[in-house]
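Close look at the chain arrangement
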Amino acid sequence: MATFFGEVLSVYSRAVEEDEEELDENEEDEEIRRELEEKREVHLHWSPEVSESLKSGHKLPCSDFLLAVGHNAAGFLSVYVLTSESWDIVGHASVWNERSRAGAGTTSEESACVFYRHKNNPSVLICQTTCYIAEDQLFQWTEKVFDVLQHRQLNVTVLSDSSVAEYKTSDYLCGSSAPFLRSLHTAAFSGLPVCQSLEQPNIITGLPAAVLNHCEVHRVATVVYQCYSDVTGPDSVTGPDSVTMETFKPALTKLGKSVQLNPSPSTDVLRKFVRTTNIPSNIYI
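Residues numbered from 1 in each chain as written. Predicted model: local features only at pLDDT ≥ 70, side-chain atom pairs only at ≥ 80, totals over all residues. Heavy atoms only, no water.

Looking now at the layout of surface pockets. Volume-wise, the second largest pocket comes out at about 210 Å³. Around the second largest pocket, the lining is made up of 16 residues, and of these Asn155, Thr157, Phe189, Val223 and Lys254 lie nearest the centre. Among the secondary structure elements, those contributing two or more residues to the lining of the second largest pocket are β6 (155-163) and β8 (221-229). Top contributing element to the lining of the second largest pocket by residue count: β8, with four residues. Of the residues belonging to the lining of the second largest pocket, the class tally is nine nonpolar, five polar and two charged. (1 Å grid on protein atoms, 1.4 Å probe; cavity = no way out; pocket = protein on both sides within 12 Å on 5 of 7 lines; lining within 4 Å. Points joined across faces, edges and corners; volume = space filled by probe spheres on them. Helix = DSSP H or I, 4+ residues; strand = E, 2+ residues; numbered from the N terminus. Nonpolar A, V, L, I, M, F, W, Y, C, P; charged D, E, K, R; others polar.)

Turning next to the packing of aromatic side chains. Counted by the stated rule, this structure contains eight aromatic pairs. A ring pair is formed by Trp46 and Phe115, whose centres lie 5.0 Å apart and whose planes are at 45 degrees; its orientation type is tilted. On the criterion of sequence distance, the pair formed by Trp46 in strand β1 (residues 43-46) and Phe115 in strand β4 (residues 113-118) is long-range, its members being 69 residues apart. Relative to Tyr228, the ring of Phe180 has its centre 5.5 Å away and its plane inclined at 25 degrees; by these criteria the two rings are stacked. Of this pair, Phe180 sits in strand β7 (residues 180-185) while Tyr228 is found in strand β8, placing the two residues 48 residues apart along the sequence. (Phe/Tyr/Trp six-rings, centres within 6.5 Å; stacked < 30°, edge-to-face > 60°.)

Now for the environment of Gly191. Turning to its location among the elements, Gly191 is positioned in the loop between β7 and α5 (206-217). Taking relative accessible area as the criterion, Gly191 reaches 33% and is therefore assigned partly exposed. Sequence spacing of Gly191 and Thr222 is 31 residues, and the spatial spacing of their C-alpha atoms is 9.7 Å. (Buried < 20%, exposed > 50% of the residue type's maximum accessible area, 1.4 Å probe, protein only.)

Bringing helix α3 (residues 71-80) into the picture now. Among the 10 residues of α3, nine are classified as buried, and the element is accordingly described as predominantly covered. Residues of α3 that are buried: Asn72, Ala73, Ala74, Gly75, Phe76, Leu77, Ser78, Val79 and Tyr80.

Bringing the nonpolar core into the picture now. The nonpolar side chains of a soluble globular protein tend to be buried, and buried together. Among the nonpolar cores identified, the biggest contains 41 residues, and Phe65, Phe115 and Trp141 are the most heavily contacted of them. Listing elements by their share of this core, those giving two or more residues are β2 (64-69), β3 (87-94), β4, β5 (124-129), α4 (135-147), β6, α5 and β8. Looking at this core element by element, the count peaks at six residues for α5. (Core = buried A, V, L, I, M, F, W, Y, C linked by side-chain atoms within 4.5 Å.)

Okay, the sheet that holds β8 next. What the eight strands build is an open sheet, ordered β1-β3-β4-β5-β2-β6-β8-β7; its pairing is mixed. Of all the strands in the sheet, the pair left with one neighbour each is β1 and β7. Direction aside, neighbouring strands of the sheet carry axes that sit 20 degrees apart on average. Relative to β6, β2 is paired through six bridges, and the arrangement is parallel. Its bridge partner being in β6, Leu66 is matched across the sheet by Thr157. Relative to the sheet, α5 contacts β2, β5, β6, β7 and β8, its axis offset from that of β6 by approximately 150 degrees. (Pairing = 2+ DSSP bridges. Axes fitted to C-alpha atoms, helices over the stretch in contact; angles between N-to-C directions. Contact = heavy atoms within 4.5 Å.)

What is shown is where atoms sit, not what they do.
Shown next, in the form of C-alpha cells:
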C-alpha cells in the first residue's frame, strides 16, 4: 500500500490475527472438552474370572438383576441380604463427576457402585449404588451394564430412595404415613407389583428412570419400587434409617428363593449400617 508521498507500507490486518487467536482458543477448548469427557466416562471393573469370560465373547448369565439406588435401598440389601456368606464381589463401577467421591483408582470395597453374584446361583446379580451419577453419565452406565448381561428371561428389580417432600398428592400427607412404596414397571413385566402404582404427576428420575427406559426399549421385564421417606441420605441425622429399610421387604417376596432375606438381622449388623448421630444441644444448663 502506498501513501500520498509515495512511501510503501506493509499491509496489516487485525482480522487475520483475531482469526488465529480464535482458532487457537477453539482448539484449546476442544482439548479441554475432550479431556473432561474422558474423565467423566463410566468405567466397569470386573473380577478376573468375569473379565476372562467377557473377553471370550460371552455375556453374564442373569435371570435376576437386583439394583439398589440410594443409601436406604443399599443399606437394606446390606442388612437383610448380603450379610450371608452366599455372595461374592465380582466388580464395581467408577464414576467421576462434580459430586462423586469414588475415583477411577478406588477398589471395589471403596467404590460406591458394587456388583455381587450369588455363589450357589451365579445367574443372580446384585448392584448397590450410592454414588451420584450425573445426567450425561446415566446412558453410559445403563448401556455398559446391560451390555454384559444376557437379556433372555432376564428380570430386573430396582429399589430406589426418594424424599417424601418430592411426592405430589392432592390429599393431605401426614408425617406418620412415610415411608411408603410406589411402583412402575415395563410392559414386559407380567407379575403383580407388591404396592400400588406411582400416581401422576409423580415421576422417577436418575438411574432408576434410565434403567426403566432402557428395559422398556429392549423389552426386559422390570419393576421399580420407589420408597418415599423423610430420611434419604447420609447427610440426614439418622440415615440410613432402619424403618425405611424395612419398607423394602415386600419388594423381594416375588424373587422367591433367588434372594433369601434375613428376617431378623443381629444388633451388631444393624449398628454397622444404620448410622446414628448425636445432635449437640444448644440449651445451656
